[in-house]
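Below are the chains, spelled out letter by letter.
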Amino acid sequence: MRKAWLAEAYFLAGLLALALLGGWLFGATGWWLSAALLALLGRHFVQLRKLERWLGRGRQRNPPESWGIWGEVFDDYFRLQKRYYKRKKRLAKVIREFRESTAAMPDGSLVLDGEHRMLWFNSAAERLLCLSSKRDLGQPLANLVRSPTLAAYLEARAYDEPIIIRSPADETRSLSARLIPYGSNQYLALFRDVTKILGLQAMRRDFVANASHELRSPLTVLAGYLESLAEDGPLTEEWREPLQEMQRQTRRMTSLVEDLLELSRLETEDEQAGDQSVAVPAMIRRIFDDSRLQDSSGHDLHLTRCEPVNVLGAENELYSAFSNLVLNAIRYTPAGGRIEVSWWREDDGGASFEVADGGIGIEERHLPFITQRFYRIDSARSRSKGGTGLGLAIVKHVLQRHGARLEVESTPGQGSTFRCRFPADRVVVVSAPPVALS
Ligand code: ADP
């Protein structure tokens, strides 16, 4: 038994013994026992009063002096209180430091509740979003920052990717906005001025587009002269080989310039492609026939499935993406290898375009990178086959603009399957005559 309880037990035993002794000596044991009980009650009453007065006086006062179990209660409570205040102080310090650091941040930071009402924001948010802490706290963010893009972003409740909006403080500046959910139904909203970064990106895009555009005309002239020289130029036999090489290199440069122009056009256009109904089956048939004509190594090409399904989008872009995939299959499949092209409607209402080849395949470690510009697994092979290293980057961009995604499965030495999956809202089922399969 603990010391305090022991003292309490001794006190009770002493009191009882005293009452019994009094009763034995003077008679009326009942009265003596009642008096002892009263003394015990009196002690507890006095201690309770001490406790109540001590608690009433507030925090951190030394506990009242006492002995026995009451002394223990006072000391334990005092210890608990001290621990609680220490923790509270530490938490307050963390919150103060967090607020100081976010207040010093150049990015606008806001704390929002589950309904996107502003609970707190720093001075950068006041500046970037024209807010005032006196006037606007407690208001929904979308009521004060008037942007349809932001309203749709908040509504959609999918916050993985940041969005870009115009700054309410200055129309010429762009802000990237991102919501980070935390705790129980709260959000940290971050607004960053990205005007400079967007400007640099635009400059890079313009530079590539201008340079490619400027290169196009001299290349056309060169290709023209080389062609006339090859056809009826007064050249000796030893010039035949170098001339053919010059033509090959000019063709490569022309494809590179065309692909660069296409990529910068895709990057500068709106995020979403148009919504014309593109007759995909007829387009696939054209791509298939053109590829067969261009295929000098004689592959075993098949169009195995081509369902009457159209896509809402841009025909020239889809043509470019699909033909890039078919040309890649031809490029990376040894002569005579089998290549299957198919287009069908998925059960979920979407549609898929697939090119499956029995070619060299791709090792798994390369798969995450193959859609990056100029990423080639075997540069020499790609160049010798006329690849620019930009084909899959174009495919990725086109699919992004159509809300579609690219899936790649591949086994080295056995072949690859490239599948473009279009969502249901981009797909239209049509009653067109079936396209001939091959
Ligand atoms: P490239 O013009 O070099 O073909 P792409 O962007 O089209 O550039 O493709 C990037 C790389 O991915 C290629 O260099 C090649 O290594 C690999 N690749 C693309 N398609 C296939 C395929 N069907 N089979 C094997 N490798 C492929």
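Once a new chain begins, its residue numbering starts again from 1 and follows that chain's sequence as written. Whole-chain, interface and lining totals are the exception, using all residues; otherwise, since this is a predicted model, local features are given only for residues with pLDDT of at least 70 and side-chain atom pairs are given and counted only at 80 or more. In computing side-chain properties, one takes all heavy atoms of the structure into account and sets aside hydrogens as well as water.

Another point: the side chain of Glu346. Only DSSP runs of H or I with at least four residues qualify as helices, and only runs of E with at least two residues qualify as strands; both kinds are numbered from the N terminus onward. If you trace the backbone, Glu346 turns up in the loop between β9 (338–345) and β10 (351–357). A distance of 3.4 Å separates a polar atom in the side chain of Glu346 from a polar atom in the side chain of Trp344. Any pair of N or O atoms that falls within 3.5 Å is considered a polar contact. Within protein, one atom must be able to donate a hydrogen and the other to accept it, and sequence-neighbouring residues count only if both atoms are side-chain atoms.

Relative to the 24 Å expected for 17 residues at 1.5 Å per residue, helix α11 (residues 315–331) spans 24 Å between its end C-alpha atoms, a close match to the ideal helical length. Residue exposure (1.4 Å probe, protein chains only): buried if accessible area is under 20% of the type maximum, exposed if over 50%, otherwise partly exposed. For α11, the buried fraction is high: 13 of the 17 residues fall into the buried class. For a helix, the expected span equals 1.5 Å multiplied by the residue count minus one.

Bringing the sheet that holds strand β12 (residues 415–422) into the picture now. Two strands are counted as paired when DSSP detects at least two bridges linking them. Strand order across the open sheet formed by five strands is β7-β9-β10-β12-β11, with mixed pairing between neighbours. Among the strands making up the open sheet, the edge pair consists of β7 (300–306) and β11 (405–411). Along the sheet, successive strands turn relative to each other by an average axial angle of 10°, direction set aside. As judged from the six bridges shared by β7 and β9, these two strands associate in the parallel manner. Among the inter-strand pairings, Leu301 is bridged to a residue of β9, identified as Ile339. In what follows, residue pairs with any heavy atoms lying within 4.5 Å of each other are defined as contacts. Angular values range over 0 to 180 degrees, each being the angle between N-to-C directions of two axes fitted as lines to C-alpha atoms, with helices fitted over their stretch in contact. Sitting on the sheet, α11 touches β7, β9, β10 and β12, and the angle it makes with β10 is about 20°.

Another aspect to go through is the site of the ligand. Being near a molecule or strand, for a residue, means having at least one of its heavy atoms within 4 Å of it. Neighbouring the ligand are 21 residues; Asn328, Tyr332, Ser382, Thr388 and Gly389 lie closest to it. Measuring from an oxygen atom of the ligand, one finds a side-chain N or O atom of Tyr332 at 2.7 Å. Take Gly389: an N or O atom from its main chain is 2.7 Å from an oxygen atom of the ligand. Relative to its free-state accessible area of 530 Å², the ligand is covered by the protein chains to the extent of 99%. If you list the elements that add at least two residues to the shell around the ligand, you get α11, α13 (391–401) and β12. The dominant element in the shell around the ligand, judged by the number of residues it contributes, is α11, at three residues. For accessible areas, the Shrake-Rupley method is used with a probe of radius 1.4 Å. Any residue's cover is judged against the shown protein chains and nothing else.

What follows concerns the domain arrangement of the protein. When the domains of the protein are assigned, the result is domain 1 (2–97), domain 2 (105–193), domain 3 (199–268) and domain 4 (276–429). Where a domain begins and ends is set by an automatic assignment or by a domain database. A separation of 97 Å is found between the C-alpha centroids of domain 1 and domain 3.

Relative to β12, β11 runs antiparallel, the two being bridged by seven bridges. Its bridge partner being in β12, Val408 is matched across the sheet by Phe418. The turn joining β11 and β12, which pair antiparallel and follow one another in sequence, is formed by three residues; a positive phi near 85° is taken by Gly413.

On to the packing of α11 against α13, then. Remark: α11 packs on α13, axes separated minimally by 9 Å, with the N-to-C direction vectors making an angle of 140°. By the angle between their axes, α11 is oblique relative to α13. Of the two possible hands of crossing, α11 and α13 adopt the one that is left-handed. Each of Glu317, Leu318, Ser320, Ala321, Asn324, Leu325 and Asn328 in α11 lies in contact with α13, whose residues at this interface are Gly391, Leu392, Ile394, Val395, Val398 and Arg401. In terms of residue class, the contact of α11 with α13 is built from seven nonpolar, four polar and two charged. Note on terminology: angles under 35 degrees are roughly parallel, angles over 145 are roughly antiparallel, angles of 65 to 115 are roughly perpendicular, and the others are oblique. What makes a crossing left-handed is the near helix being turned counterclockwise from the far one by less than a right angle; a clockwise turn instead makes it right-handed. Polarity classes work like this: nonpolar for Ala, Val, Leu, Ile, Met, Phe, Trp, Tyr, Cys and Pro, charged for Asp, Glu, Lys and Arg, and polar for all others, with Gly in that last group.

What follows covers the nonpolar core. With 41 residues, the main nonpolar core has Ile284, Leu318, Phe322, Leu325, Trp343, Phe353 and Phe422 as its most contacted residues. Considering every element that reaches this core, the biggest residue donor is α11, with seven residues. Apart from residues no more than four positions distant in its own chain, Trp343 is found in contact with Val280, Pro281, Ile284, Arg305, Cys306, Glu307, Val309, Val311, Ala351, Ser352, Phe353 and Phe422. Of all hydrophobic cores here, the second largest spans 22 residues; its members include Leu141, Tyr153, Leu154 and Ile163. Nine residue types can take part in a nonpolar core, namely buried Ala, Val, Leu, Ile, Met, Phe, Trp, Tyr and Cys, and a core is a set of them joined through side-chain atoms within 4.5 Å.

Now for the environment of Thr417. On the secondary structure map, Thr417 appears in strand β12. Judged by relative accessible area, which is 16%, Thr417 ranks as buried. Separated by 295 residues in sequence, Thr417 and Asn122 have C-alpha atoms that sit 50 Å apart. Apart from the residues lying within four places of it in its own chain, the contact partners of Thr417 are Glu354, Val355, Ala356, Glu407, Val408 and Glu409.

So, about unusual backbone geometry. Even without glycine at this site, Cys130 takes up a positive phi of about 55°. For Cys130, the location among the structural elements is in the loop between α4 (123–129) and α5 (133–136). Residue classification places Cys130 among the partly exposed positions, given a relative accessible area of 43%.

Here we come to empty space enclosed by the protein. A pocket, in this scheme, is an open set of points on a 1 Å grid over the protein atoms alone with protein on both sides within 12 Å along at least 5 of 7 lines, while a cavity is a set where a 1.4 Å probe fits but cannot get out; residues line either one if an atom lies within 4 Å of a point. Grid points are joined across faces, edges and corners, and a volume is the space filled by probe spheres set on the points. This model, assessed by the stated rule, comprises one cavity of 30 Å³ or more. The computed volume of the largest cavity comes to approximately 40 Å³. In terms of lining residues, the largest cavity is bounded by Arg204, Arg205, Val208, Leu260, Leu263, Ser264, Glu267 and Arg373. Where the lining of the largest cavity is concerned, the elements lending two or more residues are α8 (195–232) and α9 (240–268). At four residues, the largest contribution of residues to the lining of the largest cavity is made by α9. Considered class by class, the residues forming the lining of the largest cavity number three nonpolar, one polar and four charged.

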